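Coordinate inspection notes
Here is what each chain is made of, one letter per residue.
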Amino acid sequence: MPSLASHIVNPLIRAVVKSQLSADVSGRTEAAIARRVRRALGTPVLPPPGGRYVKGECGGIPGLWTEPKAPPAATVLYIHGGGFIACSPATHKPFTLAFAKRGFRVFAPDYRLAPEHRFPAALDDALAAYRGLLDAGGDPASLVIAGDSAGGGLALSTLVAAKRDGLPMPACAVLFSPWTDLACAGDSMRTNLRADPMLCATTMPAAAALYLGAADERDPLASPLHADLAGLPPLCIHASAIEVLRDDSTRLATRAREAGVEVSIRLWDNMPHVWPIFQLLLPEARRTMDEVAEYLTARIAQTRR
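Residues numbered from 1 in each chain as written. Predicted model: local features only at pLDDT ≥ 70, side-chain atom pairs only at ≥ 80, totals over all residues. Heavy atoms only, no water.

An unreviewed UniProt entry annotates the chain as Alpha/beta hydrolase fold-3 domain protein of Acidiphilium cryptum. Quoted straight from UniProt, the Sequence similarities (unreviewed entry) entry for the chain says "Belongs to the 'GDXG' lipolytic enzyme family." (UniProt positions renumbered as here; feature names shortened; annotations may be inferred.)

Pasting the structure below:
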């Protein structure tokens, strides 16, 4: 039976988003490129009803708390995607509410965006929020760090920076279609160029440059695929088989396992990039979050033993 993603959501994304992002960006100013991306990605996806949202801060970083109805099973630090230059906690309410509906308290930091704030500003903010959770008395065994796309890369970079600083690791990390290699060297950048309904591999280096500035694209804190991953907590990775960032996930899984990190990875067929954001449209989005919740429940229980 044809899937809703293949026949409705993917073509819609391709028409709306790719028409904005696939245009030639040569000669455009950094601000103009950022405005184009923010216009394309800045419209919030309608979240399911019933969200309990509270503006607040953590570690001095402003953001949005999403509260479950019952006492939380754990706290999730959720870092939104958007190519380092777009989106906000508001645009990613479908993600944070999906976690909250499954029993988790969530803080989504409103981290600084490029090009106004270049690397490592976003990482500094994410790490400050993680420190804030720890300083507030958060048990590392009851903490989870998660993110999607660029936010998935930032979540992984936050773990690398936390390890560098001697901070305790959370129970695990959940990464949705993470962008882990700002050198854009994965083979899927080429092989999935026409299949991906959302991301255009030919413009992603421009977004990376806006974030990196003069920094090395293979700096392990900017491109955590190239970091020393030993000592990181278990990683749960979900990505689409047809997206250009597929190999950012598969290569990460390989490198993490080689470093002794426990990895669970699932590639979904025919899903758009970061499909769990479409909670109201795609049954696969809801199934993904159900699987993630089951993973977190089991992982947290094991960590607390």
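Back to the text.
1. Points about helix α8 (residues 246-258)
Between its terminal C-alpha atoms α8 stretches 19 Å, which fits the 18 Å expected from 13 residues at 1.5 Å a residue. Of the surrounding elements, those touching the buried residues of α8 are α5 (150-164), β6 (172-176), α6 (188-191), β7 (235-240) and β8 (263-268). A positive backbone phi angle near 90° is found at G260, which sits one or two residues after α8. (Helix = DSSP H or I, 4+ residues; strand = E, 2+ residues; numbered from the N terminus. Expected span 1.5 Å × (residues − 1). Contact = heavy atoms within 4.5 Å.)

2. Overview of the pairing of strand β4 (residues 104-109)
Working note: regular strand, side chains alternate between the two faces of the sheet. Of all six residues making up β4, five are buried, and the element is well covered by its neighbours. With four bridges joining them, strand β2 (residues 61-66) and β4 adopt antiparallel strand pairing. Note that in β4 the partner of L64 across the bridge is A108. Where strand β3 (residues 74-79) and β4 come together, four bridges link them in parallel fashion. What sits directly across from A74, in β4, is F104. (Buried < 20%, exposed > 50% of the residue type's maximum accessible area, 1.4 Å probe, protein only. Pairing = 2+ DSSP bridges.)

3. Regarding the pairing of β7
When you tally the buried positions in β7, you get six out of six residues, the bulk of the element. By the bridge criterion, four bridges tie β6 to β7 in an arrangement that is parallel. Residue F176 lies in a different strand from β7, and its bridge partner there is H238. The pairing of β7 with β8 spans six bridges and is classified as parallel. Directly across from S240, in β8, lies its bridge partner W268. Considered for its hand, the β-α-β crossover made up of β7, α8 and β8 is right-handed. (Right-handed = clockwise from strand over helix to strand, strands pointing away.)

4. Brief notes about the UniProt feature "active site" (unreviewed entry) in the chain
Under the UniProt annotation, "active site" (unreviewed entry) lies at S149. Residue position: S149 is located in the loop between β5 (143-148) and α5. Those residues in contact with S149 that lie beyond four places of it in its chain are G81, F176, S177, P178, W179, L245, H273 and V274.

5. Focus on unusual backbone geometry
A cis amide bond, omega 5°, links A114 with the succeeding residue P115. With respect to the helices and strands, the residue P115 is situated in the loop between β4 and α4 (121-135). Of the consecutive residues F119 and P120, the connecting peptide bond is found in the cis state with omega at 10°. In this fold, P120 is placed in the loop between β4 and α4. Notably, N270 is not glycine yet its phi reads approximately 60°, a positive angle. With respect to the secondary-structure elements, N270 resides in the loop between β8 and α9 (283-304).

6. Some words on the side chain of D125
With respect to the element layout, D125 can be found in helix α4. Every residue in contact with D125, bar those within four places of it in the chain, is listed here: I61, Y111 and R112.

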